[in-house]
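Read off the chains here:
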Amino acid sequence: MMRKPLMAGNWKMYKTSAETQAFFQAFKPMIADAADAVRCDIVICPPFPSLPAAVEQARGSNIAIGAQNLYWGKEGAVTGEVSGNMLQAAGCSYVIVAHSERRQYFGETEPDVVRKTRGPALEFGLIPIVCMGERLADRESNITESVLAAQFDGGLAPLAPEEFAKVVIAYEPVWAIGTGRTATPAIAADAHRFIRSGIALKFGDEQAAATKDSVRRQRETGQRKSLMAEEGIDGALVGGASLDPKSFAAIVRY
């Protein structure tokens, strides 16, 4: 089954509204024909204050806008949080759920994944990019598959089939983020195969073949072709390299 690749840029806590505008003005001409040329979806996820500028700049282009996080309630006395209906009204189409930094620094758990994905994301038409991945200690202890299985069983398996069908999975090897260590294409492909096997057991072979599965890219762009050549890898969730228009355009056009 052919799955359309997804190239998503996660800007994290970078870029003001003015910097966002400058990025898009440089980036858009570089990828004007990329959706047709490489048959990919392009998503950029800025910080919350820069969402309006990004939505305005992306208007009429082949670029979708996503948020980096959301809360599971629609509204309430929850200082500092943003709801799915707010993101929808702001013009978002995607939202990142359970990024490794959210798990590590803010204690997000698998039940949080379910609550964020099932209600505020899917209810308001947002496509959840759900992150999964093991830490360095997990890999060195040879429990990568156990960690991935626990994340899938706790965070995604509870979804109904029609809910899961709308999810994008991003494999994030946490041990390769900012450490100088690289997850090779073979390592990433093994993780994706294991994740798909879990999908097949829970939701069936057809859904396993249909689920879009991306890999977290490092700042370097040299491995993008070899990563995309691996069976089961359908795109990239890009961190630092997505901050530079030229670098991200090269990834999008791989």
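Structure: see above.
Overview of the structure. Predicted, not measured: the structure shown is a model, and the values here were computed from it.

### Section: the packing of helix H1 (residues 17-30) against helix H13 (residues 245-252)
Next up, step 1: Packing of H1 against H13 leaves a shortest axis separation of 9 Å and a crossing angle of 30°. Relative to H13, the element H1 lies roughly parallel. For the element pair H1 and H13, the recorded crossing hand is right-handed. Residue-level inspection shows Phe23, Ala26, Phe27 and Met30 of H1 in contact with H13, the latter providing Pro245, Lys246, Phe248, Ala249 and Val252.
Next up, step 2: A class-by-class count of the residues in the contact of H1 with H13 yields eight nonpolar, no polar and one charged.

### Topic: the packing of aromatic side chains
The geometry of an aromatic ring pair is captured by the separation of the ring centres together with the interplanar angle, meaning the angle of the planes.
Next up, step 1: Summed over all chains, the structure comprises nine aromatic pairs.
Next up, step 2: Look at Phe152 and Phe203: their rings are 6.4 Å apart centre to centre, the planes differ by 85°, and that puts the pair in the edge-to-face class. With Phe152 in helix H8 (residues 144-155) and Phe203 in helix H10 (residues 185-203), this residue pair connects regions lying 51 residues apart in the sequence. Here Phe152 and Phe203 have matching classes, each one buried.
Next up, step 3: For the cation-ring pair, Lys15 lies above Trp11, with the distance from its terminal atom to the ring centre recorded as 5.5 Å.
Next up, step 4: For Arg115, the ring lying beneath its charged end belongs to Trp72, and the centroid distance is 3.7 Å.

### So, the nonpolar core
Next up, step 1: With 53 residues, the main nonpolar core has Phe27 and Ile65 as its most contacted residues.
Next up, step 2: Discounting chain neighbours no more than four positions away, the residues touching Phe27 are Ile42, Ile44, Ile63, Pro245, Phe248, Ala249 and Val252.
Next up, step 3: Residues Leu6, Val43, Ala64 and Tyr94 belong to the second largest nonpolar core, which totals 12 residues.

### Description of the pairing of strand S8 (residues 235-238)
Next up, step 1: Because side chains alternate across S8, one face comprises the buried residues Gly235 and Leu237, and the other comprises Ala236 and Val238, equally buried.
Next up, step 2: With four bridges joining them, strand S1 (residues 6-10) and S8 adopt parallel strand pairing. Bridging across to S8, Gly9 finds its partner in Val238.

### Comments concerning the side chain of Lys12
Next up, step 1: Summarising the element assignment, Lys12 is placed in the loop between S1 and H1.
Next up, step 2: One polar contact links Lys12 to Glu101, side chain to side chain, over a distance of 2.8 Å.

### Points about unusual backbone geometry
Next up, step 1: Of note in the backbone geometry, Ala98 takes a positive phi value of approximately 65° without being a glycine.
Next up, step 2: Tracing the backbone shows Ala98 in the loop between strand S4 (94-97) and helix H5 (100-106).
Next up, step 3: Located in the positive-phi region is Asn142, a residue other than glycine, with phi close to 60°.
Next up, step 4: Its location among the elements puts Asn142 in the loop between helix H7 (136-140) and H8.

Thresholds, definitions, all that
- Residues numbered from 1 in each chain as written.
- Predicted model: local features only at pLDDT ≥ 70, side-chain atom pairs only at ≥ 80, totals over all residues.
- Heavy atoms only, no water.
- Axes fitted to C-alpha atoms, helices over the stretch in contact; angles between N-to-C directions.
- Helix = DSSP H or I, 4+ residues; strand = E, 2+ residues; numbered from the N terminus.
- Parallel < 35°, antiparallel > 145°, perpendicular 65-115°, else oblique.
- Left-handed = near helix turned anticlockwise from the far one by under 90°.
- Contact = heavy atoms within 4.5 Å.
- Nonpolar A, V, L, I, M, F, W, Y, C, P; charged D, E, K, R; others polar.
- Phe/Tyr/Trp six-rings, centres within 6.5 Å; stacked < 30°, edge-to-face > 60°.
- Buried < 20%, exposed > 50% of the residue type's maximum accessible area, 1.4 Å probe, protein only.
- Lys NZ or Arg CZ within 6 Å of the ring centre and 35° of its normal.
- Core = buried A, V, L, I, M, F, W, Y, C linked by side-chain atoms within 4.5 Å.
- Pairing = 2+ DSSP bridges.
- Polar contact = N/O pair within 3.5 Å; in protein donor to acceptor, adjacent residues only side chain to side chain.

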